[in-house]
Amino acid sequence: MEILVKEKLWMVDKEYGHLKFPKNSYIGSVIRGGKVIVPTNFDIVRVGDRMIVFVGQESLKKVEKLFSHHSKRGLF
C-alpha cells in the first residue's frame, strides 16, 4: 500500500527506526521530493513522505489503524 504522511499523523518527526509494525508488514521504500529512498533507522518521517508499505493480509487492518489520523498510538 502507499501511504501519504499528513501533518497530524502521530509518527511525523519520529525516526523510521523507532516505528514498529505488525507482523508481516514493513516499509519497503519512501518517495520524498520525487526521489525514492530506502529509509535508514535514523531518517525522520516527514510530512509529504509517501511510504510504500508491504502488508500481509492478516495485518492489513492493524496497519490501516496505524496510519489513521485519529490514532493516538505512539511508538510501541
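These numbers come from a predicted model, not from an experiment.

About the thresholds
All residue numbers refer to position in the chain's written sequence, counted from 1. Two thresholds apply to this predicted model, a pLDDT of at least 70 for residue-level local features and 80 or more for giving and counting side-chain atom pairs, whereas whole-chain, interface and lining totals are computed over all residues. Where side-chain values are given, they derive from all heavy atoms of the structure, hydrogens and water being excluded. For the purposes of this section, nonpolar cores are sets of buried Ala, Val, Leu, Ile, Met, Phe, Trp, Tyr and Cys residues that join through side-chain atoms within 4.5 Å. Exposure categories follow from relative accessible area, calculated using a 1.4 Å probe and restricted to protein chains: below 20% of the type maximum is buried, above 50% is exposed, and the middle band is partly exposed. Each helix is a run of DSSP H or I of at least 4 residues and each strand a run of E of at least 2, with the numbering of both proceeding from the N terminus. By the convention used here, residues are in contact when the closest approach between their heavy atoms is within 4.5 Å. Here, a strand pair is defined by DSSP locating no fewer than two bridges between the strands. Axis definition: a line fitted to C-alpha atoms, over the contacting stretch in the case of helices. Angles run 0 to 180 degrees between N-to-C directions. The definition of a polar contact used here is a pair of N or O atoms within 3.5 Å, where within protein one atom must be able to donate a hydrogen and the other to accept one, and adjacent residues in sequence count solely through side-chain atom pairs.

K.L.:
Let's hear about the nonpolar core: which residues, and what values?
P.N.:
In terms of nonpolar packing, the biggest core is built from 16 residues, with Met 11, Met 51 and Phe 67 touching the most fellow members. Mapped by element, the contributors of at least two residues to this core are β2 (25–32), β4 (50–55) and α1 (60–66). The residues touching Met 11, leaving out its near neighbours within four places in the chain, are Leu 19, Val 45, Met 51, Leu 66 and Phe 67.

K.L.:
Just give me the short version of unusual backbone geometry, but keep the residues and values in it.
P.N.:
For Asp 13, which is not glycine, the phi torsion reads 75° and is therefore positive. Exposure remark for Asp 13: the relative accessible area of 61% places this residue in the exposed category. One non-glycine residue with positive phi stands out, namely Asn 24, at about 65°. Structurally, Asn 24 is set in the loop between β1 (2–4) and β2.

K.L.:
Explain the sheet that holds strand β3 (residues 35–37) to me, and be specific about the residues and the numbers.
P.N.:
In spatial order, the strands read β1-β4-β2-β3; together these four strands make up an open sheet with antiparallel pairing. Of all strands in the sheet, those bounded by a partner on one side alone are β1 and β3. Neighbour to neighbour, the strand axes of the sheet diverge by 30° on average, direction disregarded.

K.L.:
Residues and numbers for the side chain of Arg 32, please.
P.N.:
Take Arg 32: it is sitting in strand β2. Take Arg 32: its relative accessible area is 18%, and that puts it in the buried class. At 2.7 Å, the side chain of Arg 32 and the backbone oxygen of Ile 44 are in polar contact. When near neighbours in sequence (up to four residues on either side) are disregarded, Arg 32 contacts Tyr 16, Ile 37, Ile 44, Arg 46 and Asp 49.

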